[in-house]
Amino acid sequence: MAELNAFITEETVESDADGPLSGKTIAVKDNISTEGLRTTCGSAMLEEYVPPYDATVVTRLKESGATIVGKTNMDEFGMGGTTETSAYGPTKNPVDHSRVPGGSSGGSAAAVAAGDADLALGTDTGGSVRNPAAFCGVVGIKPTYGLVSRYGLVAYANSLEQIGPLAPTVREAAELLDVIAGPDDSDSTTREEGADSNYAAAADGDVDGLTVGVVTDLVEGADDRVVEVFEDAVADLESEGATVREVSLDSLEHAVQAYYVIAMSEASSNLARYDGVRYGVSASSASGGSEDGRSESSGVSGGFEGNWNDSFARSREAGFGPEVKRRVLLGTYALSAGYHEKYYKKAQDARAWIKRDFDEALSEADVLASPTMPVLPPKLGESLSDPLQLYLIDANTVPVNLANLPAISVPAGEADGLPVGLQLVGSKFGEAEIVRAASAAES
Amino acid sequence: MSDSPVDADEVRHVAELARIDLDREEVEAFASQFADILAYFDALDEVPEVEQEADLVNVMRPDEVRECLSQEEALANAPETEDGYFKGPRVS
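Note that the structure is a prediction, hence the values are computed from the model and not measured.

> Whenever I open this one, the confidence of the model for chain A confuses me. Can you help?
Interpretation of this model should avoid reading the predicted coordinates in detail wherever pLDDT is low. In the predicted model, chain A carries a mean pLDDT of 94, and the fraction of residues at 70 or more is 94%. Within the model, the stretch residues 286-302 of chain A combines pLDDT values under 50 with 29 contacts to residues more than four positions away or in other chains.

Structure representation (structure tokens):
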């Protein structure tokens, strides 16, 4: 296990409940609260944070009989697509140790791919379940917004994120989704859909009469090797009785821009809670500290002799890594006077446009298909130097979060010995259709 | 190039608003990265005005006292506490 660095904390939490997941082991992403079990979000800020309560999904896992085997590595606060921004070091891809597992739920995907856990929970704000599922060769589902409770999920971008399952097969991922889906009094954005779901039953491989829309905009920019595997997977669905047609969504050109403006803006607000007073790194106890030595001058715990703002700013300098600082600063900028209309308002327009385009496309097709990731898994250390290039590899996954829709990534085959994922997008609360189509595509 | 120029002073100003200290190297690196990223975001100018989803409704619950964390549990992760309160620096 240690070889991959898939876990930040390895600890077993048994359940004596008798349920659908009895006998199954599950790894939980480290931004999902576990009572009495350290939850770091991949950040030095929360190195010692121990939640006093369970997230609703964790309560449901325990009630279902699952055994939790640990908390998985992730990009810091979910901000990244390679698991390299973790303060606890990168996770390796089990398929090829010189490559990233994807992210931000890279530890969860790697744990499942390596067999260190039967199942895993990840979270998907802009692709963070589907991306590592594709790169590690496992199945990952991003549920419709509101299907799964976010209570106890440490917030990054509330309007975009959902907790989702990772598993070796479509049926097992659907079984885990059945356990965690459904309304929750503690999360007012949850909906009745999913209350008595049986998505696992939809994994019957029957795509006869199903219409699959290939989103050409998301195929054109992809690596040729990825496109070849993708086209074979679509041809297989066609040979099993599905009807394939092409669709194009003009709005998708603006998806990555809109996604990052909205995600960063929400992050700048959400991460304001890390002040080093209620939890997290206080200005004086910060390990690492500022490179110019300013934090060393604050000899008093909590910086009581300074003022609130200085102490706050020092705590955050020490506790946050570069990608988190970058996003909080850019989000602050996008929301600041004079720029709100130019960035945030326009991003909301783009989001509404993308939703409308998806609604139209899904009136012509039951599910929409694209490669999950436009590239093969990058080498470790290759992507961090240019943040913008890293954002662009999210092109195929972020539109789904902006549109609040469900999507699944299922292994489609390999190129150069590396896994390629097929992404299938469904209508709002159309989890059964994407599970059905994905189960037919499964090799 | 972005029509919203970002220089080191702008980065320092935003960092102050966000309450994050930065060292000199960080300021320089961010100024150049932000110029690239914001130039990319500028393409949002081409997005037409689109009517937003109108069917959102508030979800309310009765304002009743419910079980919650004890004071001790709420304070358990605080670096410093005093007499059952969080302890922080002076506000002004």
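> Can you help me understand the packing of aromatic side chains in this one?
Here the distance between the centres and the angle between the planes together describe a pair of aromatic rings. Under the defined criterion, the tally for this structure stands at 15 aromatic pairs over all chains. Here the aromatic residues Tyr49, Phe77, Tyr274, Tyr279 and Phe320 of chain A are joined through ring pairs into a cluster of three or more.

> Would you mind showing me how to read the interface of chain B and chain A here?
Put simply, an interface is often sized by how much accessible area is lost when its parts join up. Counting from both sides, the interface comprises 51 residues of chain B and, opposite them, 64 residues of chain A. Across the chain B/chain A interface, buried area totals approximately 5100 Å², and carbon plus sulfur atoms make up 63% of it. Inspection of the region where chain B meets chain A yields 3 salt bridges. Aspartate 45 of chain B is the partner of lysine 342 of chain A in a salt bridge, and the nearest nitrogen-oxygen pair spans 3.6 Å.

> I would appreciate a short explanation of the domain arrangement of chain A in the present structure.
Residues and elements named next belong to chain A. Along its sequence, chain A is organised into domain 1 (7-251 + 367-442) and domain 2 (277-319). The interface of domain 1 with domain 2 comprises 7 residues on the first partner and 7 residues on the second. Taken together, both faces of the contact between domain 1 and domain 2 bury some 440 Å²; the carbon and sulfur share is 65%. The largest share of the area that domain 1 buries against domain 2 comes from Ala44, Met45 and Tyr49, three residues that together contribute 79% of it. Inspection of the domain 1/domain 2 interface yields 0 salt bridges.

Conventions adopted
Residues numbered from 1 in each chain as written. Chains lettered and ligands numbered in written order. Predicted model: local features only at pLDDT ≥ 70, side-chain atom pairs only at ≥ 80, totals over all residues. Heavy atoms only, no water. pLDDT = per-residue confidence, 0-100. Contact = heavy atoms within 4.5 Å. Phe/Tyr/Trp six-rings, centres within 6.5 Å; stacked < 30°, edge-to-face > 60°. Buried area = accessible area lost by both parts, 1.4 Å probe. Salt bridge = Lys/Arg side-chain N within 4 Å of Asp/Glu carboxyl O. Domains from an automatic or database assignment.

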